[in-house]
Amino acid sequence: MKLTTAPSVVEPARDFPELLPHARPVVRLHPRRGTPGPRESHIGGPLCWPAAEPWPECADHEDVNGRPYTLRMVAVAQLTAVDFPEIRFPDDTDLVQLLWCPDWHDQPHPEGWGQACRLFWRRTAEVTDPLARQPDPAEEWDDDLDMVPRPCVLHPERVTDHPGDEELPLGLGERFAAWLEERGLTDDLTAIPGYKLGGFLRWGTTDRPDPMDCGDCGAPLELFLQFDSSEYGLGTFGPDGAPHRFRPLEERDTDPSDALGEALREPVGMVIGRFSHGGLFTCTADPRHPASFFTQ
């Protein structure tokens, strides 16, 4: 299924060329509820996990009496090199898997999350005996399921993302905001919302940390995956009252406020932060170094 993002009200090459050098390619993942297979790219589905390898656990927990206990991690995402050549896979790997603790931890990781959020890089052909029965969060976790994704298939779309004010040279963000205000336009160009691979995170609740460096080697961090409580808003964008730009063109005949519309708008079912979004950042020198997760 093809899902298409509408054009922005801003055409940078024509309207604001100063933004062009700062643009990045990004992949909107367009997760939609489904039944992905264990060797496919997906959010929230079964992993291509070796049967002989223990399932990861988070040990950073204590009960009301101070006694330590562990929680099995939740399978969050799996991406393949075939579907996503944009990913810088380490040598001899073609599969990346993300698991995290279903309980909330202080931010950011790794300072707050410890081993509560982990990436695994694999070679698919080496998983010859995959784990058939994988942990079911609904059976193992009977508390808040905000951090547990529903199984979703992906419909990748390649688009262009632009940074928000925090990541632009001094003064450029202010000039762009003034340009929009003069024309009565809403910014629908920078920091694309929803689930995406790469691009820029919108730092709307906290300031962007400075520096954004890897805790292992000091190299800069870059946004790897963005998670969002909602793919797009319910309202309209632009002076013409058009539907929200990030609501795919192919789904605009649905009512975004009914049950089907809600499933399309919030397919993964996770609540990130206070119904906002978060980003998993990886090291630009070696993505196998511990990742950092920031919520907004």
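Reference entry: report on the structure contained in this document.

Here is what the cut-offs are and how they apply
- Residues numbered from 1 in each chain as written.
- Predicted model: local features only at pLDDT ≥ 70, side-chain atom pairs only at ≥ 80, totals over all residues.
- Heavy atoms only, no water.
- Helix = DSSP H or I, 4+ residues; strand = E, 2+ residues; numbered from the N terminus.
- Rg over C-alpha atoms; globule rule 2.2 N^0.38 Å.
- Contact = heavy atoms within 4.5 Å.
- Areas by Shrake-Rupley, 256 points an atom, 1.4 Å probe, with all protein chains shown as cover.
- Lys, Arg positive; Asp, Glu negative; His and termini not counted.
- Charge placed at Lys NZ, Arg CZ, Asp CG, Glu CD.
- Buried < 20%, exposed > 50% of the residue type's maximum accessible area, 1.4 Å probe, protein only.
- Pairing = 2+ DSSP bridges.
- Core = buried A, V, L, I, M, F, W, Y, C linked by side-chain atoms within 4.5 Å.
- Patch = residues over 30% accessible without salt bridge, like charges linked within 9 Å, V, L, I, M, F, W, Y side chains within 5 Å.
- Salt bridge = Lys/Arg side-chain N within 4 Å of Asp/Glu carboxyl O.
- Phe/Tyr/Trp six-rings, centres within 6.5 Å; stacked < 30°, edge-to-face > 60°.

When helices and strands are tallied, the protein chain shows 4 helices and 16 strands. Whereas a compact globule of 296 residues would reach a radius of gyration of roughly 19 Å, the protein chain reaches 20 Å, a difference of no more than 12%. Along the longest, intermediate and shortest principal axes, the C-alpha atoms of the protein chain span 60 × 45 × 45 Å. Put simply, 75% of the contacts in the protein chain that link residues at least 6 apart link residues at least 24 apart. In the structure as shown, the protein chain presents an accessible area of about 14,300 Å², 50% of it carried by carbon and sulfur atoms. If you average the places of the 27 positive and of the 52 negative side-chain charges in the protein chain, the two averages end up 4 Å apart.

With an omega of 5°, the peptide bond running from D210 to P211 counts as cis. Locating P211 in the fold gives a position in the loop between β11 (196-197) and β12 (221-228). Positioned with a positive phi, D92 is a non-glycine residue whose angle comes to about 65°. On the basis of relative accessibility, which here comes to 61%, the residue D92 falls in the exposed class. With phi around 55°, F275 is a residue other than glycine that occupies positive phi space. With respect to the helices and strands, F275 occurs in the loop between α4 (259-265) and β15 (277-283). According to the relative accessible area criterion, F275 is partly exposed, its value standing at 44%.

The next point concerns the pairing of strand β1 (residues 24-28). Relative to strand β10 (residues 157-161), β1 runs antiparallel, the two sharing 5 bridges. Counted as the bridge partner of R24 is D161 from β10. In the sheet, β1 pairs with β11 via 2 bridges, with the strands oriented antiparallel. Within β11, the position partnered with R28 by the bridge is K196.

Further remarks concern the nonpolar core. Judged by nonpolar contacts, the single largest core of 29 residues is most densely connected at L98, F224, L225, F227 and L280. Secondary structure elements with two or more residues in this core: β6 (74-80), β7 (95-100), β8 (117-122) and β12. Apart from residues no more than four positions distant in its own chain, L98 is found in contact with V74, A75, V76, A77, C117, R118, L119, L225, F227 and L280. Listed in part, the 14 residues of the second largest apolar core include W49, W55, L99 and A116.

This part is about the sheet that holds β15. Hydrogen bonds along the backbone pair up the strands of a sheet, which may run parallel or antiparallel. If you trace the 6 strands from one edge of the open sheet to the other, you get β10-β1-β11-β12-β15-β16, paired in antiparallel fashion. Two strands lie at the open edges of the sheet, namely β10 and β16 (292-295), each paired on one side alone.

It is worth spelling out a negative patch on the surface at this point. Together, D165, E166, E174 and D207 line one region of the surface with negative charge. The residue D207 is located in the loop between β11 and β12 in this model. Since its relative accessible area comes to 68%, D207 is described here as exposed.

The final tally for this structure, using the stated rule, is 14 aromatic pairs. Taking 6.1 Å as the distance between ring centres and 70° as the angle between the ring planes, the aromatic pair formed by F16 and W179 counts as edge-to-face. Remark: W179 occurs in helix α3 (residues 172-182) and F16 occurs in the loop between α1 (12-15) and β1; sequence separation between them is 163 residues. When sorted by exposure, F16 lands in the same class as W179, which is buried.

Honestly, that's just the spatial picture; any functional story needs more than this.
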